[in-house]
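# Analysis of the macromolecular model
Below, each chain spelled out in residue letters.
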Amino acid sequence: MSATGLEVFDTTVQKTNVWLKDLMEVMGGDRRKAYQALRAVLHALRDRLTVEEAAEFGAQLPMLIRGIYYEGWSPTGKR
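Rules used throughout
- Per-chain numbering applies: the sequence of each chain, read as written, is numbered from 1 onward.
- The predicted nature of this model means local features are confined to residues of pLDDT at least 70 and side-chain atom pairs, given and counted, to a pLDDT of 80 or more, with totals for whole chains, interfaces and linings taken over all residues.
- Side-chain numbers come from the whole structure's heavy atoms, not from hydrogens or water.
- Here the aromatic set is Phe, Tyr and Trp, taking the six-membered ring for Trp, and pairing holds for ring centres within 6.5 Å; pairs whose planes are under 30 degrees apart are stacked, those over 60 apart are edge-to-face, and all others are tilted.
- Numbering of helices and strands starts at the N terminus; helices are DSSP runs of H or I of at least 4 residues and strands are runs of E of at least 2.
- The rule is simple: take the accessible area with a 1.4 Å probe, protein chains only, and divide by the maximum for that residue type; under 20% is buried, over 50% is exposed, in between is partly exposed.

## Here we look at the packing of aromatic side chains
For any pair of aromatic rings, the description consists of the separation of the ring centres together with the inter-plane angle of the planes. Under the criterion given, the structure shown has three aromatic pairs. Ring plane angle 65° and centroid distance 5.4 Å describe the contact between Phe57 and Tyr69, whose orientation is recorded as edge-to-face. Of the two residues, Phe57 sits in helix α3 (residues 51-59) while Tyr69 sits in helix α4 (residues 63-70), which places them 12 residues apart along the sequence. The class for Phe57 is partly exposed, based on a relative accessible area of 27%. A centroid spacing of 5.4 Å and a plane angle of 40° characterise the contact between Tyr70 and Trp73, whose relative ring orientation is tilted. Overall, Tyr70 belongs to the partly exposed group, its relative accessible area being 26%. One aromatic cluster is present, built from ring pairs that chain together Phe57, Tyr69, Tyr70 and Trp73.

Below, the structure is given as structure tokens:
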């Protein structure tokens, strides 16, 4: 049975959990810290790319991680 009722959401939650699990293994098992590290790295990368590069990269991310990546982003006035 579907956890969310929609396969697309279940898939993105599963992919996000895999990413977080991989980070937890590297960082020592704290899920909250793994999320914070993922978010920080995504935002740092996004803020250093051109708008076009940031959009191209974001398009390749799983849906839920893409939302984290774009959270708070304002491309206005960026190169």
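Once the structure has been displayed, the description carries forward.
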